[in-house]
Amino acid sequence: MSHLNFYTKKPHWLLLPLVSGVLMALSFYPFGASPLIFVAFAPLIYFAIGMPERTTRELFIGGLIAGSISALSFSYPFFAQFHWIKETYLFETIVRLFFIPAAIIGGLSFGVITIITRLLLTRWAAFNALIFSTLFALWLLVFQLSIDGFNYFDPAFAAASAPVLIKFAGIGGTPLVTLIILLTNSFFALFFLAENKKKFFFGTAGIIAIFTIGLLAHERYLRGGGAGEAIIKTVPIAIIQISDRRDEAFGFVKDESFQYPLLERRIKEAVSTGAELIIYPFSPVSGAIAINGIDAAFNKKVLVTDVDTFGAWVKKNVPENTVFLTWNSIYENGAFFNEYSFWKNGELHKRYQKRQPLPFADYTPSWAAKKGFYTTPFDVKTGSITDQVSLGDYSVGNLICSEVGDRELARDDALTAAFIIAGGSDAMFAGDVAGRVNLIQAQYRAAENNIPVIRANRLGPSAFIGPDGAIVSKIEYNKDGVLFGEMAPGNGKKTIYARFGDTPLLVFIGLIILLAVYFRTKKTRA
């Protein structure tokens, strides 16, 4: 390893974590060089397991550098795109500055993972690389749970351009995909540590073969013949996409009737496709729709119209046998709900209320409200109505906006639904960062559960996604139009992930960590 001596001397050893940080940064938005994610961690892994002369302090600094660079490069353009209602300028400013704590958290996390890896080192380099990989995967799982799944920094997202990797989500979800990416990086790091390169290549080929055989067997089960062959009927669906962000891009009440010329034109186009379901993934009003009439005490900018008035408009513009979906706020019995409203023949046919409202976006947390720090014009309550609309013989599952990042909600819906609607607008971001990542999340939800997913985004991109996570058809970000597709329901076969969720992977990670602690304790006693 004399050719690496340059990188082991001060201050050159800092180059390895620095290179890792830069490669990770290039892998994510806005650079999008996604293939680099398969080598981005390799220098840091080598730094953690292949440089025994580095002190604990140096290890922490190395991890801090790699984590801070990668987190900063992604979080800055992400948070810089955030914008909210103009009355909450203080909240908007705080969020835009959140790239600073994001970079700090990323740096500290990488630093701690690097140190723990060193503390658990064994005499087997391959096992040491596995320790780093499982620790990182565990940290990402815990981090995602702590922020309600609202995490866009996941190596699995950078690797979404590789269809084969997405299929692994059916076995272990995005955490398994992340672990596979880290193991791939480990192979590159281990190559420079291996004394017998030929033996190393054979060992690597064997591991790849095991993963490949496992994936092929799983895919054969999912796509093979059986009862699923009888399901051949498709459902014609149209998604309306409108990129106009101005206030004029909402409907209004005039002379006691609802009007929305811009949407009416798009509905006419969607109706011409013969769609049984037309999706408009946004609110038709800049406010809420009231059930049982409008309370006179409310400002007209809050309660814009009521169900009867809006329903009359739907009946006028949408054929009676076509289901029309809008994503809006509903006011009922003194409470607001964030929901999908399914309209049919001018009536509110079915409803799905958001099960996991997002703090600060859907409601102001009580502790913030007590300090006068309001971020929403009204607070949305956790929904209890979770209807699944029927299209012919098929039921449709629902995920609203940020719920697309919740793997458990998707698993629950996939038990009874033929496909899932994952709508949103990501209008809180001025650019396309959130829309692109949420499309990737929708792809993973499809592959995890072997179920087609309809990703409907008012600003784009919108797409029809097959049960293997592949995009069937798509309309790009910031484009106006109607995306039409014939959706074939899933075949009903459950993936390993749909059956067991994160449990098998957590057991595997726990086993690796326990073994590492055992080997380390045994070595210390010796």
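About the cut-offs
- Residues numbered from 1 in each chain as written.
- Predicted model: local features only at pLDDT ≥ 70, side-chain atom pairs only at ≥ 80, totals over all residues.
- Heavy atoms only, no water.
- Buried < 20%, exposed > 50% of the residue type's maximum accessible area, 1.4 Å probe, protein only.
- Helix = DSSP H or I, 4+ residues; strand = E, 2+ residues; numbered from the N terminus.
- Pairing = 2+ DSSP bridges.
- Core = buried A, V, L, I, M, F, W, Y, C linked by side-chain atoms within 4.5 Å.
- Contact = heavy atoms within 4.5 Å.
- Salt bridge = Lys/Arg side-chain N within 4 Å of Asp/Glu carboxyl O.
- Patch = residues over 30% accessible without salt bridge, like charges linked within 9 Å, V, L, I, M, F, W, Y side chains within 5 Å.
- Areas by Shrake-Rupley, 256 points an atom, 1.4 Å probe, with all protein chains shown as cover.
- 1 Å grid on protein atoms, 1.4 Å probe; cavity = no way out; pocket = protein on both sides within 12 Å on 5 of 7 lines; lining within 4 Å.
- Points joined across faces, edges and corners; volume = space filled by probe spheres on them.
- Nonpolar A, V, L, I, M, F, W, Y, C, P; charged D, E, K, R; others polar.

K.L.:
An account of the pairing of strand β14 (residues 462-465) is needed here, citing residue identities and associated values.
P.N.:
Of the two faces of β14, the one carrying S462 and F464 and the one carrying A463 and I465 are both buried. Both strand β13 (residues 453-457) and β14 contribute to a ladder of three bridges, which runs antiparallel. Counterpart to V453 in the pairing with β14 is I465. Examined bridge by bridge, β14 and strand β15 (residues 471-475) share four bridges and lie antiparallel to one another. The residue of β15 that forms the bridge with I465 is I471. Between β14 and the antiparallel strand that follows it, β15, lie five residues; G469 among them carries a positive phi value of about 90 degrees.

K.L.:
Tell me about the nonpolar core, and name the residues and values.
P.N.:
Counting 80 residues, the largest nonpolar core has F41, I49, F110, F136, V177 and Y444 as its most contacted members. The element best represented in this core is helix α10 (residues 169-193), accounting for 12 residues. Beyond its immediate chain neighbours, meaning those up to four positions away, F110 contacts M24, F41, L44, G63, A66, G67, S70, F136, W139 and F153. Grouped together as the second largest cluster of nonpolar side chains are 53 residues, V314, I330, W343 and I421 included.

K.L.:
Describe the pattern of salt bridges, with residues and values.
P.N.:
Under the counting rule described, the total for this entry stands at 15 salt bridges. Residue D362 is joined to K354 by a salt bridge in which the shortest nitrogen-to-oxygen separation is 2.8 Å. The same class applies to D362 and to K354, which are both buried. Taking the shortest distance from any N to any O, the salt bridge between D413 and R355 comes out at 3.2 Å. Taken together, the residues D413 in helix α15 (residues 407-414) and R355 in the loop between β9 (347-353) and α14 (366-370) connect sequence positions 58 residues apart.

K.L.:
Account for a nonpolar patch on the surface, with residues named and values stated.
P.N.:
Together, L15, L18, V19 and V22 line one region of the surface with nonpolar side chains, adding up to about 260 Å² of accessible area. Its place among the elements puts L15 in helix α2 (residues 15-27). By relative accessible area, which is 31% here, L15 ends up partly exposed.

K.L.:
Summarise the layout of surface pockets; cite the residues concerned and give the values.
P.N.:
Here the largest pocket is characterised by a volume of approximately 1,700 Å³. Along the wall of the largest pocket there are 44 residues; nearest its centre are I85, F250, S286, G287 and P377. Only β2 (252-254), β6 (303-306) and β7 (323-332) provide two or more residues apiece to the lining of the largest pocket. Residue contributions to the lining of the largest pocket peak at three residues, all from β7. Considering only residue class, the lining of the largest pocket consists of 20 nonpolar, 12 polar and 12 charged.

So, to be careful, I would describe these as geometric facts and stop short of saying anything about function.
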